[in-house]
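Single-letter residue listing:
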Amino acid sequence: MEHRIKNLDARFGAQNYHPLPVVLNKGSGVWLWDTDGKKYLDMMSAYSAVSHGHCHPELVEAMHEQAQTLAMCSRAFFSDKMPLLLERLCSLLDYDKALLMNTGAEAIETAIKAARRWGYSKKGIPDNQAEIIVFDNNFHGRTTGIISFSSDDEYRHQFGPYLPGFHIATYGDIESVQKRINKNTCAVLVEPIQGEAGIVIPPKGWLKKLEQLCKAENVLLICDEIQSGLGRTGTWLASEHEDVKPDAVTLGKALGGGLYPVSALVGRADVLDVFNPGSHGSTFGGNPLACAIAHKAIDIMERDNYLQNSASLGAYFLEQLKILSAPSIQSVRGRGLWIGVDLDPSQKTGREICESLMKKGILSKETHHTVVRFAPPLMITKSEVDYALEIIKEVFVA
Ligand SMILES: *Cc1c(COP(=O)(O)O)cnc(C)c1O
């Protein structure tokens, strides 16, 4: 079975991923099973998309119910579900308006369009001159527009020509942003914590300074909270840790409850109001099925205290990893249930560690070769964290 699946993938699939050699066919809560019936603890949560755990029964039920009532009607008509989700998102995060899309990359593209149009219509930037400041080692998705401002050659190689209008500043360095701001700058787009770069937390106070700088220069601050948002760091938004209120935020991943892609741009009215009929859209964006799932996903997070669980178990997990004192670990950092372990590159690669973890029943994935991430579903229990820690100890201390 496993062999056959891998061969089919190799024969018929474009090889744009390099998965660990495990074939999964079942998931429930924090657990995954492979085709041999072997059980694994998911420490990856599909990059935060599975914050509710796998196949959450109430979400599956909500999905099922909506699927047999009205699944899809396009934005050519109103549905009775979409405005309810918009209101829920806005009151939850204290914003004025929201625009729904499907994937995270689409939410980012929406943010870029909003920022540029805001620049022309509100700030008075001359036509086609708007500039957006982004950061080195950013990850915002895979469209040709977005990879145009990546600093990672792996994401860009032979995909040009690239979209102009972006400037890359140094993450965590306020002067580097200051230098790149001019009268044509419409926005700064930033991850409050860089996920794909390896759970990189900027220096304390930096995001606040960025907010103040943006305000002083009449530049929008847009935070990409697609991975960091919705409880991953112990708060609804990671920007809350720095007491920062972005002009708009992008959401995705966990918003779909691990079942369905749902993303959004949520923000102030003057940012979202730049769109008029015909200016932007998506066939599936904001469909009733997506909205029913996302609404339920938020309700469950709130009712079952996912944020508190992420904060307290995340702190415990981090503390336990810090006292591990394994020679292959260089440093450990994280916020909430989002932890990056820096490996000593002279010892073991992230891939090797992830393969060892896999053999012992923990699934995770390295990022940038030398960082192993631990990001379990937010409903994980303390005993499940302890179970993981035992295995992690065996792998790292061995
Ligand atoms: C995953 C991710 C995206 C892109 O989301 P997709 O759904 O994969 O398009 C954008 N920004 C951040 C911070 C992400 O982690």
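Residues numbered from 1 in each chain as written. Predicted model: local features only at pLDDT ≥ 70, side-chain atom pairs only at ≥ 80, totals over all residues. Heavy atoms only, no water.

For the packing of helix α4 (residues 82-93) against helix α11 (residues 288-303), give the residues involved together with the corresponding values.
Relative to each other, α4 and α11 sit at 30°, their axes nearing to 9 Å. Considering only the axes of α4 and α11, their crossing is left-handed. Residue-level inspection shows Met-82, Leu-84, Leu-85, Arg-88, Leu-89 and Leu-92 of α4 in contact with α11, the latter providing Cys-291, Ala-294, His-295, Ile-298, Asp-299 and Glu-302. Considering only residue class, the contact of α4 with α11 consists of eight nonpolar, one polar and three charged. (Axes fitted to C-alpha atoms, helices over the stretch in contact; angles between N-to-C directions. Helix = DSSP H or I, 4+ residues; strand = E, 2+ residues; numbered from the N terminus. Left-handed = near helix turned anticlockwise from the far one by under 90°. Contact = heavy atoms within 4.5 Å. Nonpolar A, V, L, I, M, F, W, Y, C, P; charged D, E, K, R; others polar.)

Please give an account of the pairing of strand β15 (residues 371-374) that cites residues and values.
Here β15 shows a buried face lined by Val-371 and Arg-373 and a second buried face lined by Val-372 and Phe-374. Summarising the sheet, strand β14 (residues 366-367) and β15 pair through two bridges and their orientation is antiparallel. Following the sheet pairing, Glu-366 is matched in β15 by Val-372. Linking β14 back to β15 in an antiparallel pair, the connection comprises three residues, with His-368 at a positive phi of about 50°. (Buried < 20%, exposed > 50% of the residue type's maximum accessible area, 1.4 Å probe, protein only. Pairing = 2+ DSSP bridges.)

Provide a residue-level description of the site of the ligand, including the pertinent values.
Near the ligand, the surroundings consist of Thr-103, Gly-104, Ala-105, Phe-139, His-140, Gly-141, Glu-191, Asp-224, Ile-226, Gln-227 and Lys-253. In the environment of the ligand, an oxygen atom lies 2.8 Å from a nitrogen or oxygen atom belonging to the backbone of Ala-105. Among the residues making up the shell around the ligand, the classes are represented as three nonpolar, five polar and three charged. (Near = heavy atom within 4 Å. Polar contact = N/O pair within 3.5 Å; in protein donor to acceptor, adjacent residues only side chain to side chain.)

Tell me about the sheet that holds strand β9 (residues 248-251), and name the residues and values.
Overall, mixed pairing links the seven strands, which are arranged β4-β10-β9-β8-β7-β5-β6 in an open sheet. Taken across any chain shown, the strands that pair with only one partner, and hence form the sheet edges, are β4 (97-101) and β6 (166-169). This sheet shows a mean twist of 20° between the axes of neighbouring strands, independent of strand direction. When strand β8 (residues 220-224) meets β9, the two strands line up parallel, connected through three bridges. Bridging from a neighbouring strand, Cys-223 pairs with Val-249 of β9.

Lay out the domain arrangement of the protein with the relevant residues and their values.
Here the domain parsing of the protein yields domain 1 (2-56 + 305-397) and domain 2 (57-303). The C-alpha-based centres of domain 1 and domain 2 are spaced at 26 Å. Tallying the contact residues gives 30 residues for domain 1 and 34 residues for domain 2. Both sides together, the interface formed by domain 1 and domain 2 hides about 2,800 Å², and carbon and sulfur atoms give 58% of it. Our count for the domain 1 to domain 2 interface comes out at one salt bridge. Among the ionic pairs, Glu-196 bridges to Arg-373, the shortest N-O distance being 3.0 Å. (Domains from an automatic or database assignment. Buried area = accessible area lost by both parts, 1.4 Å probe. Salt bridge = Lys/Arg side-chain N within 4 Å of Asp/Glu carboxyl O.)

Give a detailed account of the sheet that holds strand β3 (residues 39-42), specifying residues and quantitative values.
Sheet architecture is open: four strands sit in the order β1-β2-β3-β13, paired in mixed fashion. Taken across any chain shown, the strands that pair with only one partner, and hence form the sheet edges, are β1 (24-28) and β13 (362-363). When β1 meets strand β2 (residues 31-34), the two strands line up antiparallel, connected through four bridges. When the bridges of β2 are listed, Lys-26 appears paired with Trp-33.

Run through unusual backbone geometry, naming residues and quoting values.
Omega for the peptide link from Gly-160 to Pro-161 comes to 5°, which places this bond in the cis form. Position of Pro-161 among the secondary structure elements: in the loop between α7 (153-156) and β6. A positive phi angle is found at Asn-128, which is not glycine, with a value near 65°. By the secondary structure assignment, Asn-128 is in the loop between α5 (104-123) and β5 (131-135). The exposure class of Asn-128 is exposed, given its relative accessible area of 69%.

Provide a residue-level description of α5, including the pertinent values.
If you check α5, its first and last C-alpha atoms are 27 Å apart, about what 20 residues at 1.5 Å a residue would give, namely 28 Å. Among the residues of α5, Gly-104, Ala-105, Ala-107, Ile-108, Thr-110, Ala-111, Ile-112, Ala-114, Ala-115, Trp-118, Gly-119 and Lys-123 are the ones counted as buried. Looking one or two residues past α5, Gly-124 carries a phi angle of roughly 80°, positive in sign. (Expected span 1.5 Å × (residues − 1).)

So what's going on with a nonpolar patch on the surface? Which residues, and what values?
A cluster of nonpolar residues, Ile-5, Leu-8 and Phe-12, forms a patch on the protein surface that exposes about 280 Å² of accessible area. Locating Leu-8 in the fold gives a position in helix α1 (residues 2-12). For Leu-8, a relative accessible area of 33% gives the class partly exposed. (Patch = residues over 30% accessible without salt bridge, like charges linked within 9 Å, V, L, I, M, F, W, Y side chains within 5 Å. Areas by Shrake-Rupley, 256 points an atom, 1.4 Å probe, with all protein chains shown as cover.)

Before we move on, can you summarise the packing of aromatic side chains with the specific residues and values?
Evaluated as defined, the whole model comprises seven aromatic pairs. Taking the centre distance of 5.0 Å and the plane angle of 65° together, the rings of Tyr-171 and Trp-206 count as edge-to-face. Of this pair, Tyr-171 sits in the loop between β6 and α8 (174-180) while Trp-206 sits in helix α9 (residues 206-216), and the two are 35 residues apart along the sequence. Each member of the pair, Tyr-171 as well as Trp-206, is classed as buried. (Phe/Tyr/Trp six-rings, centres within 6.5 Å; stacked < 30°, edge-to-face > 60°.)

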